[in-house]
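Chain by chain, the residues:
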Amino acid sequence: YGLVTKVSEDESGLTSTIDVAGSLYTTGAFRLSKGTGAQLAISGGSVVSAAQLQAVSGTATDLTQSTVKINGTTYKLSDKVAVYKEDGSWNYSYMSLNDAINGDYKYTCYRDKSEDKGGRIRVIVVSD
């Protein structure tokens, strides 16, 4: 799981760059939106599949090591939740969950599927 950090288009088509825990992967085979969480399958250093994650709408508060509350509903975090800081200019950097918990941030959370189907919050984007 990671974050789509760049989307560009040229004569050869659309290219997306996805940050997965600080490692960058580029693909032109999948339509993704910048600034959103993504689920990837990687083989031999290449992206073989990619899907955009679902944003959980609402105001996120009470971030802990295992949960986040969004509009009064508590959601479970993945054990390997990926956290990124957005600098206000659509630039992103990978950060620790502890730093996100201890900072004064707004949170945007992305999940793969609903919790009743085993889903978890997989990616969190923090901003000032």
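Thresholds applied
Residues numbered from 1 in each chain as written. Predicted model: local features only at pLDDT ≥ 70, side-chain atom pairs only at ≥ 80, totals over all residues. Heavy atoms only, no water. Pairing = 2+ DSSP bridges. Helix = DSSP H or I, 4+ residues; strand = E, 2+ residues; numbered from the N terminus. Axes fitted to C-alpha atoms, helices over the stretch in contact; angles between N-to-C directions. Buried < 20%, exposed > 50% of the residue type's maximum accessible area, 1.4 Å probe, protein only. Contact = heavy atoms within 4.5 Å. Core = buried A, V, L, I, M, F, W, Y, C linked by side-chain atoms within 4.5 Å.

Trainee: Would you explain the sheet that holds strand S4 (residues 37–43) in this entry?
Mentor: Each strand in a sheet pairs with its neighbour through backbone hydrogen bonds, running either in the same direction (parallel) or in the opposite one (antiparallel). An order of S3-S2-S1-S4-S5 is seen for the five strands of this open sheet, with the pairing classed as antiparallel. The open sheet has two edge strands with one neighbour each: strand S3 (23–27) and strand S5 (46–52). When strand polarity is set aside, the average angle formed by the axes of neighbouring strands in this sheet is 35°. Across two bridges, strand S1 (residues 2–10) lies against S4 in antiparallel orientation. The residue of S4 that forms the bridge with Leu-3 is Gly-37.

Trainee: What should I look at first to understand the pairing of strand S11 (residues 106–111) in this one?
Mentor: When a strand is regular, its side chains alternate between the sheet's two faces. Two elements, strand S6 (residues 54–56) and S11, share three bridges in a ladder whose sense is antiparallel. Counted as the bridge partner of Ala-55 is Tyr-110 from S11. With six bridges joining them, S11 and strand S12 (residues 121–127) adopt antiparallel strand pairing. Its bridge partner lying in S12, Thr-108 is registered against Val-125.

Trainee: Is there a simple way to explain unusual backbone geometry in this structure?
Mentor: In most cases, non-glycine residues show a negative phi, while peptide bonds are predominantly trans. A positive phi angle, near 55°, is found at Ala-21, a position not held by glycine. Turning to its location among the elements, Ala-21 is positioned in the loop between strand S2 (13–20) and S3. Taking relative accessible area as the criterion, Ala-21 reaches 45% and is therefore assigned partly exposed. Here Trp-90, not a glycine, exhibits a phi torsion of approximately 65°, which is positive. As for its position among the elements, Trp-90 is in the loop between strand S9 (73–86) and strand S10 (92–95). Using a relative accessible area of 48% as the deciding quantity, one classes Trp-90 as partly exposed.

Trainee: Which parts of the structure should I look at to understand the side chain of Ser-16?
Mentor: Mapping Ser-16 onto the fold places it in strand S2. Overall, Ser-16 belongs to the buried group, its relative accessible area being 0%. The contacts of Ser-16, once residues within four sequence positions are left out, are Val-4, Lys-6, Val-7, Tyr-25, Thr-26, Thr-27, Phe-30 and Leu-32.

Trainee: Got a minute to help me understand the pairing of S10 in this structure?
Mentor: As defined by bridge partners, S9 adjoins S10 across four bridges and the pair is classed as antiparallel. Each bridged residue has a counterpart across the sheet, and for Glu-86 the counterpart in S10 is Tyr-92. Hairpin remark: S9 followed by S10, antiparallel, with five residues in the connecting loop; positive phi at Gly-88, about 95°.

Trainee: Help me out: how do you make sense of the nonpolar core in this one?
Mentor: General note: in soluble globular proteins, nonpolar side chains tend to be found buried as a group. Counting residues in each nonpolar core, the largest one holds 17 residues, and the members touching the most others are Val-68, Ile-121 and Ile-124. Of all the secondary structure elements, the ones that give two or more residues to this core are strand S8 (67–70), S9, helix H1 (97–102), S11 and S12. The greatest single-element share of this core, amounting to four residues, is contributed by S9. Among residues more than four places away in sequence, those in contact with Ile-121 are Val-56, Val-68, Tyr-75, Lys-76, Leu-77, Ser-78, Val-81, Cys-109, Tyr-110 and Arg-111.

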